[in-house]
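# Geometric and topological summary
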Amino acid sequence: MRQLLLLMGVVLLSMQLFAQQRSVSGKVTDANGKPVFNATVLVKGSSMGTTTKEDGTFTLNLPATAKTLVISSVGLAPQEVSIGNRATLLVALQPTDKDLQEVVVVGYGTQKKADITSAITKVGGDKVANVPFSSVDQTLQGKVAGMQSVTFSGQPGANQSIRIRGIGSYAASAQPLFVIDGIQINSGDLSRQTTSSNVLAQLNPDDIESISVLKDAAATSIYGARGSNGVIVITTKRGKSGKTKFNATVEAGSNIHGDLMKAGKPLRTADWLTLYKEGYTNSYLVANPAASLSTAQAAAATSAAAYGDGTVDTDWPSLLLKNGPQEQYNISASGGDAKTQFFISGGYFKQIGTTIGEDLTRYSTVINLDHQVNDKLSFSLSIEPSYTKQNSFISNSSAFASPTMEFYFERPTSNPFNADGSYNIDRTSSKNFSTTYNPLYIVAHDIHSLDNFSAIGKAAGTYNILSNLKFTTSFGMQYNNLEEFQYNNPLHGDGAASNGRGYSYYTRYALYDWVNQLSYHANLTKDNNLTLDLGAGTEAINSRGYNITSQTNNYPTLLLVDAANASTPVAGKNDGTDYNFASYFSRGSLTYKGKYILAASFRRDGSSRFSESHEYGNFPSASLAWNVSKENFMDNLKFVSDVKLRASYGSSGNAEIGNYTWRQTYGYGLNYNNLPGGGFNGIGNSELQWEHANQADIGLDASFFKNRVSLILDYYDKKSDKLLFNQPLSLTTGFGSITNNIGALTNKGIEVTVNATPVAVKNFTWDISFNFTHNKNVVTQLPPGQTQIISGVEYIAPGHDIYEFYMRQWAGVDPATGNPLWYVDNTKATTTTNINAAATVPVGKSASPKYFGGFSNTFTYRGFGLSADFYYNYGNYVRDQWASYLTDEVNSAYGKYAYTLNRWQKPGDITNVPKLYTGATNSSASATNSASINTSTRFLYKGDFIRLRNIVLSYSPDQKFIKKIGFSSLKVYVRATNLWTKVYDNAIPFDPEQGISSQSNLNVLYNKSVTAGLSLGF
Amino acid sequence: MKSIKYKLSLFLLAAVAFGSCKKAFLNDKPYDAVLLVDAIKTESDLQGAVSGMYSSLRTTDLYGRTLPVKGDLMADNTFVTTSNSGRYIPLNAYLFTNNDAYALAVWTNAYVAIKYANSIIQYGSTITPANANINEYLGEAYATRALMNFELVRNYSHPYTAAPTDPGIPLVLKFDETAVPVRGTVKDVYTQIIADLEKAYSLMTVYRGTAYFSKYAARALEARVYQNMGDWANAKTTALDVINNSGVVLTPSTGYVAYWNNPAVQAPPAKTETLFEVASDYTSNNQFDQIGFIYLTAGGGYGDILVNADLYNAYSATDVRKQLIGVGTRSGQTGTAYTCLKYTNAANGTDKDDTKVLRLSDVMLIAAEAYYNTPDIANANLYLNKVAQQRDPSFAGWSDAGAQVLEDILVERRKELAFEGNRFWDLVRLQRSFTKTTNQSPLVTVAVTPSNNALIFPIPLNELNVSHLQQNPGF
């Protein structure tokens, strides 16, 4: 404390050192002579300064020592002007060489783009602002070469799967590390009872200044043990000195459910009954070979009558899907003087889903402050609290109470309403909900909510020990407080068996990340041709998870849903989960004439997730870059604006396994007869280590024709070894698997990004942006003695893609008999009707796309702008996990896909749907047919698609007009997301975007949205 | 001068920061588990471990549901109705693939229970000084291991009565993740089961109620094991030991329905009907996967499995057991639907159905069958009628002679032990052919002969992928 007081005293003293002696005035213009408003004018080497007025003029009192002014403005290159004896200065700022002067946020700092030696993609905040997606990771889809961002659920606030340069892990998480304002945050889904939630949904994309996606080892090795899946560094907006600027956005619109595929629309009553009776008739004739067709049909009609007389014809999609309003309001203020700058924002976001019972509301604020005490000492503070409320019913295949599951599973013959308009909740008759629940009643009476309060905060101080030696300490915290509540009503649904059921889950994560670093810059030669940058630091991360769980049953009334009112406590417990990292990191780079840059980094990481003998790991990297265009021999190639070659090699790690996986444990909760019980439940492995990834990257950055065309090319080869695998064990051990460092895999790929401005004439420009990624994953090594690891439809074996499907090869339907056929083996030479004679094989089709990327076109004409962003995905296959219920008549009691109508009916029919038989019966013909629904390539579809992810039409009136009505900027726009999708496999019953593992799980349909907005600056 | 203080204070700060990483910083311990080697050190620890072991028997795919369901569904007692949730279809249809989910789940969970039993035997044996309670707990672990090995060997290997030298199941007597499992013979497995049960019998002296193995529950299991081996002399000795010495009595017929409807286990000194049952209580149960929900729709059940009409018709009107089959209708089912009423507490708000594993009436019928085979027809009929006339006081009693006595015993076993998972094993161990109804509307049946490969589960594909055990025929 005393030192702090001392510091403050020093600060006050030093501020008085600058006596005011003379003044200078001037005018700042751009290259065309137009005045520049709000340009910053600073006395070099001090924090004295001012900003220009609207006419570009400024007046500044100068200390005696002042020799040079530094003048800067957004979008223009900063310029240093020697004052000399002049009292008036005219300064014309040149446009930035936008690519070269751009500053990019990298690990533990920033770098000029020209000096970067690694593969980093920067996405500006303007690209993610005001988009009606609930979290920024969804917006990033298609924007970054090498990064796959996949949605698996249209539920507002759902988690997003992200893979950078392929999947580098199996048992450990393959999600990248997220760093927000320098804090390595807990990301992903922290909820316990909610189908899907996303920590990033807490962050208002409007508050983001920039996003850096770190891809190669030169960029990620500095994050050591957590870098091998790539790192996404998000930086929030900070204040800029000058007059306070306000930005306000108002946006509203509607969400519309995504397209239902023709093949997968649920059948309506007439068709459903036709198929039911046909299956029944066929089965009857097998069981009673002597019976006549009419007898069989009569029996079928009797059986079908149990489902009603056919007059009820419920259109379930129309009842379970709806349009959902969408709105957001954001306002921010930014400004400050030369010493203190602030950015303050507030945002409100609300999205109502397109499946009933789904919505997300977010309130977010940011306060970012920067204060420069003097030229030695500065402080900064960031506070980013936010609150979200998410309602989301079980929105996948996990329960009959799930509206998205009932969408497909309900029979069209069931009427959700009684004659008097009340909900029909009868479960005794097949005419009603004998096998499922009425989802409309469930959504109207049950509650599934998540209240998430979170805050990210950071205090940092920087002290310039010497002019070229800087010490920074930064203490960041992330706090997540999740309150989940689930209530199942006592009359109908999952709560009926317990006369009402309530769950109350409290989950808290508190994380701190303390970074101390020294950075040093030196000119090694007098002519500044050789410069050295060094940095070293320590980092300590501590995350503590704490949760309380309560469950109560037996509710006395429908009116009260809180646990206090229930009579029977079932569960009440608390638990926790912690991890720590202790790290040392360093980096250095040597630059010669801006042409040759050699860089290296080293990190040593310790983690609580490994035993004492293996807790530390080392992660080095080296990289170099050659700015070819700065060579003399390039001077003649006028069309080349800039060419840089990059190469890097290094290692990073992955420690994203359970916090206590390595320990051999005996756990509790195995209670019996109202007594506590425990057992040997954690097999542990004290030999566990980091998963290592060694990655080589060669890259080319080039731009031509005065930056009208730019190109970024990268080739990478990432070898992951000591892979954390759940190695299957003989089940006779009592464990299914042991986590072990075994196996290796590689990801090799190419990334291409092209940006071009084909047309730029007066009043009209056309910009194109295109990116392309090709990634090939190959498993290269398995544990000794194992040639393959099989888990359900997953197949891991050397030479195969880690996401290759493993199942029987479907050979179609025999046109003569209608029987299903499978290939006996992978040679596809022989077919069989006996499923047990068909081998289960790796089918050579993967859930991972071969190619994906995005392309966008932007047209601007006068004040009008039109931009369209497409996302494409090619070469993967998608599995329908639920077809066994939703096609054929084996499980005849459920809703059916429309394509079931194409069933085989008579000899000669060419179709993929076999002759229908009801139930699993044992006579030879129908036994074969009941196996038709077993997992095979029959239910594998091509996942190729192109989606119009985002289209915006905007209009900004003439600047004079805007000024006249008192604003500094004004834009109106209409935006549509996911408006159009082209799917290439007509047979697929659902949208092909089904998460990273490409397996349908009856999740919420993707949303389309149409919104209109107004953006104002003043 | 000032700037020096500046630097000093900042360097001090830096020093604190750089020096803050201590060893303990990286040592996080779990909140809900202890290290295995520290877990079982006292009698109280051992009791907790035994409770954990029993809770593993309650899983859905052991006594929670699948084992008792399988023993009737794969026989001629029950079938899956047309309107169903998709559960137990392969068992109903006698159609297994080598990756059958039930074959996998029973295998997996039985070996988990064996793992718990083994860790109790390994660590509990080292607690000194031993006392009656510690010995009781150890005995329960031996009995549980025997029970699991018995279930495994009859579910995955050919019956001892038909092929004692066919491959058995891997015997795991100690946890060792590096051990390579092998299939010895069926006989090897039975030898180990008998050894474990003898050990249990010798260790146990304390009766803790029906939710736990007791000395005579272990003996009753031994009688059943000998019955499955066709070792009638030992079956008789062990069965009579239970009947004469356990103190367990049959309930009068007037109390029999109430006995089934009561979801509570019996605490000492109560000893009625049950020798051993796996307990479910209000907080620890299988929720929607409780056995009652597979039979009944009330309270949100699936109601997938119905009772064959001929089983219902086998009971006389005065037989109290007839009241344990409900008569009604079921969606998707033409005509009358018969339902099992032995598990009616799935939606009960205070306690849930327990699964009876060993009952005195079963032991009496084993005694009858043992007498029949030794041969002693008079005593066979005596023990047979002890059960039959207890359930139906107006029944005059069985009095057949010759081979018919065995048929009478089987009928009585079917009626007495219906829905407890026994019928199928009677048919299998006696190598009977029978007709299994797989669907009643339309009527579809399977003619099951002793050569049907589906009479035993395939060794799960997941196991074969790792340990290369010999697969069963037909898979």
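Residues numbered from 1 in each chain as written. Chains lettered and ligands numbered in written order. Predicted model: local features only at pLDDT ≥ 70, side-chain atom pairs only at ≥ 80, totals over all residues.

With that settled, consider the overall build of chain B. Scanning chain B from N- to C-terminus turns up 19 helices and nine strands. Considering only C-alpha atoms, chain B reaches an extent of 115 × 55 × 45 Å along its principal axes. Residues classed as buried in chain B amount to 56% of the 475 residues present. Contacts spanning at least 24 positions in sequence make up 68% of the contacts within chain B whose residues lie at least 6 apart. (Helix = DSSP H or I, 4+ residues; strand = E, 2+ residues; numbered from the N terminus. Buried ≥ 20, exposed ≤ 12 C-beta atoms within 10 Å, placed from the backbone. Contact = placed C-beta atoms within 7 Å.)

Quick look at the environment of Glu136 of chain B now. All names here are of chain B. Relative to the helices and strands, Glu136 is located in helix 8 (residues 132-156). Among the residues examined, Glu136 registers 24 C-beta atoms within 10 Å and is labelled buried. Separated by 18 residues in the primary sequence, Glu136 and Arg154 place their C-alpha atoms 27 Å from one another. Residues within four places of Glu136 in sequence aside, it is in contact with Met204, Thr205 and Val206.

Strands pair in a sheet through their backbones, by hydrogen bonds, and they do so in one of two ways: parallel or antiparallel. Residue and element names in this part refer to chain A. The strand order across the open sheet formed by four strands is 3-2-5-6, and the pairing between neighbours is antiparallel. With one partner strand each, in any of the chains shown, strand 3 (49-51) and strand 6 (76-82) form the two edges of the open sheet. Sheet twist, expressed as the average angle between the axes of neighbouring strands with direction ignored, equals 15 degrees. Bridge count between strand 2 (residues 40-43) and strand 3: three bridges; the pairing is antiparallel. If you follow Thr40 over to strand 3, its bridge partner there is Thr51. (Pairing = 2+ DSSP bridges. Axes fitted to C-alpha atoms, helices over the stretch in contact; angles between N-to-C directions.)

So, on to the interface of chain A and chain B. Much of the literature gives interface size as the accessible area that the parts lose upon coming together. With 90 residues of chain A in contact, the opposing surface of chain B contributes 85 residues. The residue makeup of the side of chain A that touches chain B, split by class, is 37 nonpolar, 48 polar and five charged. Two strands pair when backbone bridges link them, and strand 30 (residues 665-668) of chain A and strand 1 (residues 33-35) of chain B are joined in this way by three bridges, in the antiparallel orientation. Directly across from Tyr666 of chain A, in strand 1 of chain B, lies its bridge partner Val34 of chain B. (Nonpolar A, V, L, I, M, F, W, Y, C, P; charged D, E, K, R; others polar.)

This part covers the nonpolar core. By size, the foremost hydrophobic cluster in this structure holds 145 residues, and its most contacted members are Ile120 and Ala367 of chain B. With 14 residues, helix 7 (residues 101-124) of chain B is the single largest residue contributor to this core. Those residues in contact with Ala367 of chain B, other than ones at most four positions away along the chain, are Lys236, Ala239, Leu240, Ile243 and Tyr383 of chain B. Formed by 132 residues, the second largest nonpolar core is a distinct cluster that contains Leu203, Met405, Phe433 and Tyr885 of chain A. (Core = buried A, V, L, I, M, F, W, Y, C linked by C-beta atoms within 7 Å.)

Moving on, we come to the sheet that holds strand 42 (residues 820-823) of chain A. Residue and element names in this part refer to chain A. What the three strands build is an open sheet, ordered 41-42-43; its pairing is antiparallel. With one partner strand each, in any of the chains shown, strand 41 (810-813) and strand 43 (831-832) form the two edges of the open sheet. Where strand 42 meets strand 43, two bridges bridge the pair, whose relative direction is antiparallel. Across the sheet, the residue bridging to Trp822 is Thr832, located in strand 43.

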